[in-house]
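What follows is each chain in one-letter form.
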Amino acid sequence: MKASADVVIIGAGVTGAALAYTLAKRGLRDVLVLERRFPGAGATGRCGGGIRQQFTTAPNIRLAMGSVRIYEQLSQELDCDIEYVQGGYLILAETEGELELQRRAVALQNDLGLPSRSLSPGEVRELVPLFDTATIAGATFCPTDGHANPFRVVEGYLRAAQRLGVTLEKFTQVTDLMVRGNRVVEVVTSRGRISPGVVVNAAGAWSKEIAHMADVELPNQPVRHEILITEPVQPITEVMVISLHTGLYFSQTVSGQILGGIGDPEERPGYNLRSSLKFLRRFLRELVRHVPALGQLSVLRQWTGFYDVTPDAQPVLGPTPGLENFIQANGYSGHGFMIAPKVAEILADYIEHGEVSEDLARLSLARFEGEVEGEGFVVG
Ligand SMILES: Cc1cc2nc3c(=O)[nH]c(=O)nc-3n(C[C@H](O)[C@H](O)[C@H](O)COP(=O)(O)OP(=O)(O)OC[C@H]3O[C@@H](n4cnc5c(N)ncnc54)[C@H](O)[C@@H]3O)c2cc1C
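Residues numbered from 1 in each chain as written. Predicted model: local features only at pLDDT ≥ 70, side-chain atom pairs only at ≥ 80, totals over all residues. Heavy atoms only, no water.

A word on the overall build of the protein. Secondary structure assignment for the protein yields ten helices and 18 strands. Scaling as 2.2 N^0.38, a compact globule of 380 residues should have a C-alpha radius of gyration of about 21 Å, and the protein matches this with 20 Å. In terms of overall dimensions, the protein has a C-alpha envelope of 60 × 40 × 40 Å along the principal axes. The burial tally for the protein puts 57% of its 380 residues in the buried class. Excluding contacts between residues fewer than 6 apart, the proportion of contacts in the protein whose partners are at least 24 apart in sequence is 75%. About 15,100 Å² of surface is accessible on the protein, with carbon and sulfur atoms providing 49% of the total. (Helix = DSSP H or I, 4+ residues; strand = E, 2+ residues; numbered from the N terminus. Rg over C-alpha atoms; globule rule 2.2 N^0.38 Å. Buried < 20%, exposed > 50% of the residue type's maximum accessible area, 1.4 Å probe, protein only. Contact = heavy atoms within 4.5 Å. Areas by Shrake-Rupley, 256 points an atom, 1.4 Å probe, with all protein chains shown as cover.)

Shown next as structure tokens:
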């Protein structure tokens, strides 16, 4: 294994993969990606693949809009079909309070240039003909939202990065970070020690543990989320649906399967990866309430993964106060797949030129010292 690298990235999920490729594309090729298992083994390989730009905070909206511009041409750029479907995202509301939150969000989104709009229940039925419109009060829709295959995205990014000279070390666990003064001077792994220029903490729900190794406290918490997939059926909809009311979400994959999950407000933080009957019941009850015809389907498989949740449901990005070469890229709170491509660009701007964009400044670890504005469109 290499004894040194200009950039050492910890974690080969979508964040590490996208950043490795983006740096290499710009000519920064002495990049080493360390992954304790295999690429996609964390949240990325377990996620729903949804790519939406409808959020309530400006940084999340801007990062997602920037990512969609990248996703739109990513299959071609990486020479890998990422199964990108730009079928739009429908966000359901059931109460007057949720409709009001949506109205304010659409106004902000439109101000930032996003073509989202409010829909009546009747208009929802035009998009998803099997939908029972009696179950909702209204919705919002953005036609440029969509979904993609997370395995293909990680594989595509990493293969392209490796073609450009990036090194990927699988089954290599980071076990410690040695700090001297205001720098991380050594990355200790299960397979040897590396002298880094810059160290990027892209370890998903384990980022808190990585930060601890350098005596840095992250406010992130791992929270289990469950998800399932059904047998394939004929095309029903290209739209991805989420509910503000229950945290339900689902889409149909390009192979015809219904893929979806539901947040559980009672879930406590922790590293529990077990699947539950409670999830199966809640998800299927809500799915069939909105789209009764889907009650005919058989479930093939259910699994779990971790959200890496911050107090304001926005990521922690950029330099670490007191440690000039330790960069955070974590805390996505369930939205990392959709914003990782743009995050990679703004982090590469920082690593290459020391440039701190407006969003990097607003999403820094230092923000938790003051008041924070929380994201409102979260699958809780
Ligand atoms: C059920 C579920 C559904 C989701 N749905 C969506 C969705 O529809 N859209 C969306 O945008 N997001 C979704 N998310 C969130 C999304 O999956 C994550 O935000 C995103 O994948 C985070 O990517 P990452 O690369 O930062 O972290 P991860 O993919 O978790 O990668 C971190 C990597 O670091 C490695 N690692 C950890 N510790 C060490 C160590 N000590 N040494 C070396 N390597 C280490 C891990 O093995 C892992 O591979 C979902 C998440 C879950 C769980």
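In this section: the site of the ligand. Close to the ligand lie 38 residues; Thr15, Glu35, Thr44, Gly50 and Met338 are nearest. Between Ala43 and the ligand, the recorded distance is 2.9 Å, taken from a backbone N or O atom to an oxygen atom. Within the backbone of Met338, one N or O atom sits 2.7 Å away from an oxygen atom of the ligand. Within the complex, the protein chains bury 97% of what would otherwise be the 1,000 Å² of accessible surface of the ligand. For the shell around the ligand, the secondary-structure elements that each account for two or more residues are helix H1 (14–25), strand S12 (221–232), strand S16 (299–309) and helix H9 (336–353). Partitioning the shell around the ligand into residue classes produces 19 nonpolar, 16 polar and three charged. When residues are assigned to domains, the shell around the ligand turns out to be shared by domain 1 (4–48 + 151–220 + 312–369) and domain 2 (85–145 + 221–309), each giving three or more. (Near = heavy atom within 4 Å. Polar contact = N/O pair within 3.5 Å; in protein donor to acceptor, adjacent residues only side chain to side chain. Nonpolar A, V, L, I, M, F, W, Y, C, P; charged D, E, K, R; others polar. Domains from an automatic or database assignment.)

Before going further, it helps to examine the pairing of S12. Most of S12 is tucked away: nine of the twelve residues are buried. Here ten bridges tie S12 to S16, and the two strands are oriented antiparallel to one another. Each residue of the ladder has a partner; that of Ile229, found in S16, is Arg301. Where S12 meets strand S15 (residues 257–262), four bridges bridge the pair, whose relative direction is antiparallel. If you follow Ile229 over to S15, its bridge partner there is Leu259. (Pairing = 2+ DSSP bridges.)

The next subject is the environment of Leu78. Tracing the backbone through its elements, the reader meets Leu78 in helix H3 (residues 74–78). Among the residues examined, Leu78 registers a relative accessible area of 1% and is labelled buried. With 83 residues separating them in the primary sequence, Leu78 and Ala161 have C-alpha atoms 9.1 Å apart. When near neighbours in sequence (up to four residues on either side) are disregarded, Leu78 contacts Tyr21, Val153, Gly156, Tyr157, Ala160 and Arg163.

Moving on, we get to the environment of Gly263. On the secondary structure map, Gly263 appears in the loop between S15 and helix H8 (277–290). We classify Gly263 as buried; its relative accessible area is 1%. In this structure, the C-alpha to C-alpha distance between Gly263 and Asn325, residues 62 residues apart in sequence, is 36 Å.

The next subject is the packing of H1 against helix H6 (residues 150–163). Where H1 meets H6, the axes come as close as 8 Å, and the angle between the chain directions of the two elements is 30°. In terms of their interaxial angle, H1 and H6 are classed as roughly parallel. Relative to H6, the crossing made by H1 is left-handed. Facing Val14, Ala17, Ala18, Ala20, Tyr21 and Ala24 of H1, the residues of H6 in contact are Val153, Val154, Tyr157, Leu158, Ala160 and Ala161. (Axes fitted to C-alpha atoms, helices over the stretch in contact; angles between N-to-C directions. Parallel < 35°, antiparallel > 145°, perpendicular 65-115°, else oblique. Left-handed = near helix turned anticlockwise from the far one by under 90°.)

The subject of this paragraph is the domain arrangement of the protein. You can read the domains of the protein as domain 1 (4–48 + 151–220 + 312–369) and domain 2 (85–145 + 221–309). Summing both sides of the interface, domain 1 and domain 2 together bury roughly 1,300 Å²; the carbon and sulfur share of this comes to 55%. The largest share of the area that domain 1 buries against domain 2 comes from Arg46, Gly48 and Ala205, three residues that together contribute 43% of it. Counting across the domain 1 and domain 2 interface gives zero salt bridges. Counting the contacts that link domain 1 with domain 2 gives seven residue pairs in polar contact (both at pLDDT 80 or more). (Buried area = accessible area lost by both parts, 1.4 Å probe. Salt bridge = Lys/Arg side-chain N within 4 Å of Asp/Glu carboxyl O.)

Taken together, eight strands build an open sheet; the order of strands is S5-S6-S4-S13-S14-S15-S12-S16 and the sheet is mixed. This sheet does not close on itself; its edge strands, each paired only once, are strand S5 (117–119) and S16. Taken pair by pair, the neighbouring strands of this sheet meet at an average axis angle of 20°, ignoring direction.

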